[in-house]
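Coordinates in review
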Amino acid sequence: MRRMMSAIVALMLLAMPAVHAVQPDEVMSDPVKEGRARELSRELRCMVCQNQSIDDSDAPLARDLRLLVRERIAAGDSNSQVLDFLVARYGEFVLLKPRFERQTMLLWLLAPLLLAGGGFALWRQNRRRVQAGADVPPPLTPEEEARLAALMSDEASSP
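The rules behind the values
- Residues numbered from 1 in each chain as written.
- Predicted model: local features only at pLDDT ≥ 70, side-chain atom pairs only at ≥ 80, totals over all residues.
- Heavy atoms only, no water.
- Helix = DSSP H or I, 4+ residues; strand = E, 2+ residues; numbered from the N terminus.
- Expected span 1.5 Å × (residues − 1).
- Buried < 20%, exposed > 50% of the residue type's maximum accessible area, 1.4 Å probe, protein only.
- Arc of directions from axis to C-beta.
- Contact = heavy atoms within 4.5 Å.
- Phe/Tyr/Trp six-rings, centres within 6.5 Å; stacked < 30°, edge-to-face > 60°.
- Lys NZ or Arg CZ within 6 Å of the ring centre and 35° of its normal.
- Axes fitted to C-alpha atoms, helices over the stretch in contact; angles between N-to-C directions.
- Parallel < 35°, antiparallel > 145°, perpendicular 65-115°, else oblique.
- Left-handed = near helix turned anticlockwise from the far one by under 90°.
- Bend = angle between axes of the 7 residues up to and from the residue.
- Core = buried A, V, L, I, M, F, W, Y, C linked by side-chain atoms within 4.5 Å.
- pLDDT = per-residue confidence, 0-100.
- Salt bridge = Lys/Arg side-chain N within 4 Å of Asp/Glu carboxyl O.

1. Thoughts on helix H2 (residues 31–43)
Taking 1.5 Å as the rise per residue, H2 with 13 residues should run 18 Å; its terminal C-alpha atoms sit 19 Å apart, in good agreement. Those residues of H2 lying buried are Glu34, Ala37, Arg38, Leu40 and Ser41. Taken end-on, H2 shows its buried residues confined to a sector of 165°, consistent with a single buried face. Here the buried face of H2 lies against helix H3 (60–74) and helix H4 (79–90).

2. Remarks on the packing of aromatic side chains
By the definition in use, this model includes one aromatic pair. Between Phe120 and Trp123, the ring centres sit 5.8 Å apart and the planes meet at 35°, which makes this aromatic pair tilted. Taken together, the positions of Phe120 and Trp123, both in helix H5 (residues 105–132) and three residues apart, correspond to about one turn of that helix. Positioned above the aromatic ring of Phe93 is the side chain of Arg45, whose terminal nitrogen or guanidinium carbon lies 4.4 Å from the ring centre. The residue whose ring lies beneath Arg72 is Phe85, and the NZ or CZ to ring-centre distance is 4.0 Å.

3. Section: the packing of H2 against H4
Two numbers describe how H2 lies on H4: the axes approach to 11 Å, and their chain directions differ by 40°. When the axis of H2 is compared with that of H4, the two are oblique. H2 and H4 meet at a crossing whose hand is right-handed. Here Arg36, Glu39, Leu40 and Glu43 of H2 lie close against H4, whose contacting residues are Asn79, Val82 and Leu83.

4. Some words on the environment of Arg36
On the secondary structure map, Arg36 appears in helix H2. Under the relative-accessibility criterion, Arg36 is labelled partly exposed at 24%. Contact partners of Arg36, with chain neighbours within four places excluded, come to Ile73, Asp77, Ser78 and Asn79.

5. Topic: H5
The periodicity of an α-helix, 3.6 residues per turn, causes residues three or four places apart in sequence to face the same way. Taking 1.5 Å of rise per residue, 28 residues should cover 40 Å, and H5 covers 39 Å from first to last C-alpha, within 8% of that figure. Maximum bend of H5: about 30°, positioned at Ala111, with proline Pro112 one to four residues after it.

6. Some thoughts on the nonpolar core
The nonpolar side chains of soluble globular proteins are, as a tendency, buried together. One finds Leu44, Ile54, Val69, Ile73 and Leu86 to be the most contacted residues of the largest nonpolar core, which totals 18 residues. Those elements that place two or more of their residues in this core are H2, H3 and H4. Other than its neighbours up to four places away in sequence, Ile54 contacts Ser41, Leu44, Arg45, Cys46, Ala62, Leu65, Arg66 and Val69.

7. Quick look at the confidence of the model for the protein chain
Within the protein chain, residue pLDDT values average 83, and 84% of them lie at 70 or more. Predicted confidence in the protein chain is weakest over helix H1 (residues 2–15), with a mean pLDDT of 65, and strongest over H4, with 91.

8. Structural notes on the pattern of salt bridges
Applying the stated criterion across every chain, the model contains five salt bridges. The partner of Arg70 in a salt bridge is Glu34, with the nearest N and O atoms 2.8 Å apart. Of this pair, Arg70 sits in helix H3 while Glu34 sits in helix H2; the two residues are 36 residues apart in sequence, bridging distant segments of the chain. Take Arg70: its relative accessible area is 4%, and that puts it in the buried class. Overall, the relative accessible area of 8% leaves Glu34 in the buried class. Where Arg38 meets Asp55, a salt bridge forms, and the shortest distance between an N and an O atom there is 2.9 Å.

See the structure below:
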């Protein structure tokens, strides 16, 4: 019974919608602008939590950043202008998904390059093994041949 209750509680928690940290006093009156603010908030990193967006974080700095985003939107800035302002103020680290630029090229290309390098190394190792004949078994010794012949003659004589 206890396991069943635990399973029900777990399912209820999983079924609940994601809770966002945006406070009611932060919400903009214009739904279009609020939608833009929420979209931008999901792209920005909380500098305190570091692995959460400011939309999900309860940290005071995340609240300040959410208010700053809404302030810039209310002033008429575009999404890219808001992001550029925050990057200029806090650095590239404020973006959860860094831009593909010269400084971040290694960050973006390292994983695919490592994967391609590993695939090439496996292909080359397999090719060397085939060329060396590692898949061909060594010839039988005279003792093994005699034993095999004896086994074969025993099988042939039994019906």
